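Here is what each chain is made of, one letter per residue.
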Amino acid sequence: MTTNRVRSSIRRAFGNDSFSHVSIQDHAIEDFADELSEMDLPVPDWTGSPFPRADIPDETVFDLYILIAAHQFQFLIHDELYRSTYDGETWTGALALWRSFADAIDRGVPITDGEHLRDLSLAETRALFTGEERDETSIPMVEERHQLCNDIGELLCTEHDRFFHQSFDATQEVQLFGNGGFVEFLTEEFAVAFEDTRTVDGQTLYFDKKAQLAASTLYGRFQQDSFFTPSQEDIGALTIFADYVVPANLRAHGVLSYDSHLTQLVGGSSIVPEGSREEIEIRAAAILAADRLLDAVNDRRSDHVTIPQLDYALWRRGREVDTIYHHVRTTDY
């Protein structure tokens with residue numbers, strides 16, 4: 001049986017829902033599952049605008065989707081979403097990020113080459129994430145993104161022959177977890193971009209948000225191909241990708257509730273300190289609640305729904321409903 005260290009570490013730390021600031025409401029899970037069970041819940045294929053075009057080589061897709069996952073963090077500035085416009089169409093948040101990288105590929109920028117990333121300047125990094133309208137909300141933490149590109153590029157050049165695909169064989173069935181697995185490959189070989197751990201009561205908790213997201217997007221992109229094919233057991237072991245959108249959506253549906261202290265902290269748009277008990281509990285509770293929600297949805301359907309389907313539904317709905325996000329300055333999500 002596949003073991004995902006994210007789920008096991010969080011269950012150890014918060015068995016019996018031993019949270020101080022967050023509660024999981026089981027009755028709300030049942031109500032939300034009723035609603036979700038009636039919805040179309042596809043495995044997204046991450047093609048079509050704003051995503052990269054479908055005719056680029058598999059190895060380039062592999063490298064590009066990993067690089068995009070590394071940048072899947074912090075799209076809000078004072079409640080204003082990062083936005084960019086290409087060919088007259090404006091995208092926001094993560095979709096704007098996808099469109100920026102798709103545009104780089106279309107322009108022939110060797111964005112997946114370690115040498116290019118290593119030598120990328122701050123001005124070039126700003127340009128990478130800027131669309132046609134110069135007065136749009138720029139991407140947050142651009143200096144950190146610039147450093148991230150340089151660090152990834154240096155690692156690719158010195159240890160991985162310039163490209164992610166040179167060190168991980170995705171042409172056969174892919175193992176996601178454990179020694180030699182894809183998630184650990186990213187979090188260990190490229191810890192500067194993908195390590196995502198916290199410590200609570202002396203215990204290490206793994207969240208691995210961006211590494212699991214990379215696995216999920218690649219699985220979706222290649223679901224009809226023979227490239228990057230994880231087992232269904234490994235796909236079933238994924239957890240929800242704990243960011244700021246999914247917990248807010250779960251809270252909007254009553255699945256998560258916060259105590260007065262956390263309600264005031266989040267509602268006042270204060271910065272929740274990275275690594276604080278409050279931040280850890282929000283993300284951990286979202287993962288545990290999503291596991292229960294997934295079970296409840298599957299109890300109501302004849303087909304089998306997996307985390308990539310549920311996470312995508314929660315993320316898309318979280319962008320559409322009126323929610324209040326917790327604000328953390330971090331490159332983890």
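For the structure itself, look to the data block above.
All figures in this text were calculated on a predicted structure; none of them were measured in a lab.

1. As for the pairing of strand E4 (residues 83-86)
Then comes step 1: Where E4 lies against strand E5 (residues 89-92), 4 bridges are found, and the strand directions are antiparallel. For Ser-84, the partnering residue across the bridge sits in E5 and is Trp-91.
Then comes step 2: Linking E4 back to E5 in an antiparallel pair, the connection comprises 2 residues, with Asp-87 at a positive phi of about 50°.

2. So, the environment of Thr-60
Then comes step 1: Position of Thr-60 relative to the elements: it lies in helix H3 (residues 58-70).
Then comes step 2: When the C-alpha atoms of Thr-60 and Ser-260 are compared, they prove to be 48 Å apart, with 200 residues separating the residues in sequence.
Then comes step 3: For Thr-60, the contacting residues outside a window of four places in its chain are Ile-105 and Thr-112.

3. Focus: the packing of H3 against helix H4 (residues 93-106)
Then comes step 1: Between H3 and H4, the least distance of the axes is 11 Å, while the angle of their chain directions is 140°. By crossing handedness, the relation of H3 to H4 is classed as right-handed. For the pair formed by H3 and H4, the contact residues are Thr-60, Leu-64, Tyr-65, Leu-67 and Ile-68 on the first element and Leu-97, Trp-98, Phe-101 and Ile-105 on the second.
Then comes step 2: Across the contact of H3 with H4, the residue classes break down as 8 nonpolar, 1 polar and no charged.

4. Things to note about the pattern of salt bridges
Then comes step 1: Considering all chains together, one arrives at 26 salt bridges under this definition.
Then comes step 2: A salt bridge links Arg-126 to Glu-143; its shortest N-O distance comes to 3.4 Å. A residue pair is termed long-range when its members are at least 10 positions apart, and Arg-126 in helix H6 (residues 122-128) and Glu-143 in helix H7 (residues 142-159) qualify at 17 residues.
Then comes step 3: Through salt bridges with shared partners, a single network forms among Asp-196, Arg-198, Glu-274, Glu-279, Arg-283 and Asp-332.

5. As for a negative patch on the surface
Then comes step 1: On the surface, a cluster of negative charge is contributed by Glu-154, Glu-159, Glu-188 and Glu-189.
Then comes step 2: For the negative patch, the secondary structure elements donating two or more residues are H7 and helix H8 (182-189).
Then comes step 3: Checked against the element boundaries, Glu-154 lands in helix H7.
Then comes step 4: Residue class for Glu-154 comes out partly exposed when judged on its relative accessible area of 38%.

6. A short note on the state of the cysteines
Then comes step 1: Under the definition given, this model contains 0 disulfides.
Then comes step 2: In this structure Cys-149 is a free cysteine whose sulfur lies 13 Å from that of Cys-157, the closest cysteine sulfur available.
Then comes step 3: Cys-157 gets classed as partly exposed once you look at its relative accessible area, which sits at 22%.

7. Some points on helix H12 (residues 245-252)
Then comes step 1: Of all 8 residues making up H12, 6 are buried, and the element is well covered by its neighbours.
Then comes step 2: Among the residues making up H12, those that are buried are Val-245, Val-246, Pro-247, Ala-248, Asn-249 and Leu-250.

8. Topic: unusual backbone geometry
Most of the time, phi is negative for any residue but glycine, and the peptide bond is trans.
Then comes step 1: Here the amide bond leading from Ser-49 into Pro-50 is cis, since omega sits at 15°, within 30 degrees of zero.
Then comes step 2: Mapped onto the elements of the fold, Pro-50 is located in the loop between helix H2 (26-37) and H3.
Then comes step 3: Phi is positive for Arg-162, which is not a glycine, with a value near 80°.
Then comes step 4: Residue placement: Arg-162 occurs in the loop between H7 and strand E6 (173-174).
Then comes step 5: We classify Arg-162 as partly exposed; its relative accessible area is 30%.

Cut-off values and rules
- Residues numbered from 1 in each chain as written.
- Predicted model: local features only at pLDDT ≥ 70, side-chain atom pairs only at ≥ 80, totals over all residues.
- Heavy atoms only, no water.
- Pairing = 2+ DSSP bridges.
- Helix = DSSP H or I, 4+ residues; strand = E, 2+ residues; numbered from the N terminus.
- Contact = heavy atoms within 4.5 Å.
- Axes fitted to C-alpha atoms, helices over the stretch in contact; angles between N-to-C directions.
- Left-handed = near helix turned anticlockwise from the far one by under 90°.
- Nonpolar A, V, L, I, M, F, W, Y, C, P; charged D, E, K, R; others polar.
- Salt bridge = Lys/Arg side-chain N within 4 Å of Asp/Glu carboxyl O.
- Patch = residues over 30% accessible without salt bridge, like charges linked within 9 Å, V, L, I, M, F, W, Y side chains within 5 Å.
- Areas by Shrake-Rupley, 256 points an atom, 1.4 Å probe, with all protein chains shown as cover.
- Lys, Arg positive; Asp, Glu negative; His and termini not counted.
- Charge placed at Lys NZ, Arg CZ, Asp CG, Glu CD.
- Buried < 20%, exposed > 50% of the residue type's maximum accessible area, 1.4 Å probe, protein only.
- Disulfide = S-S within 2.5 Å.

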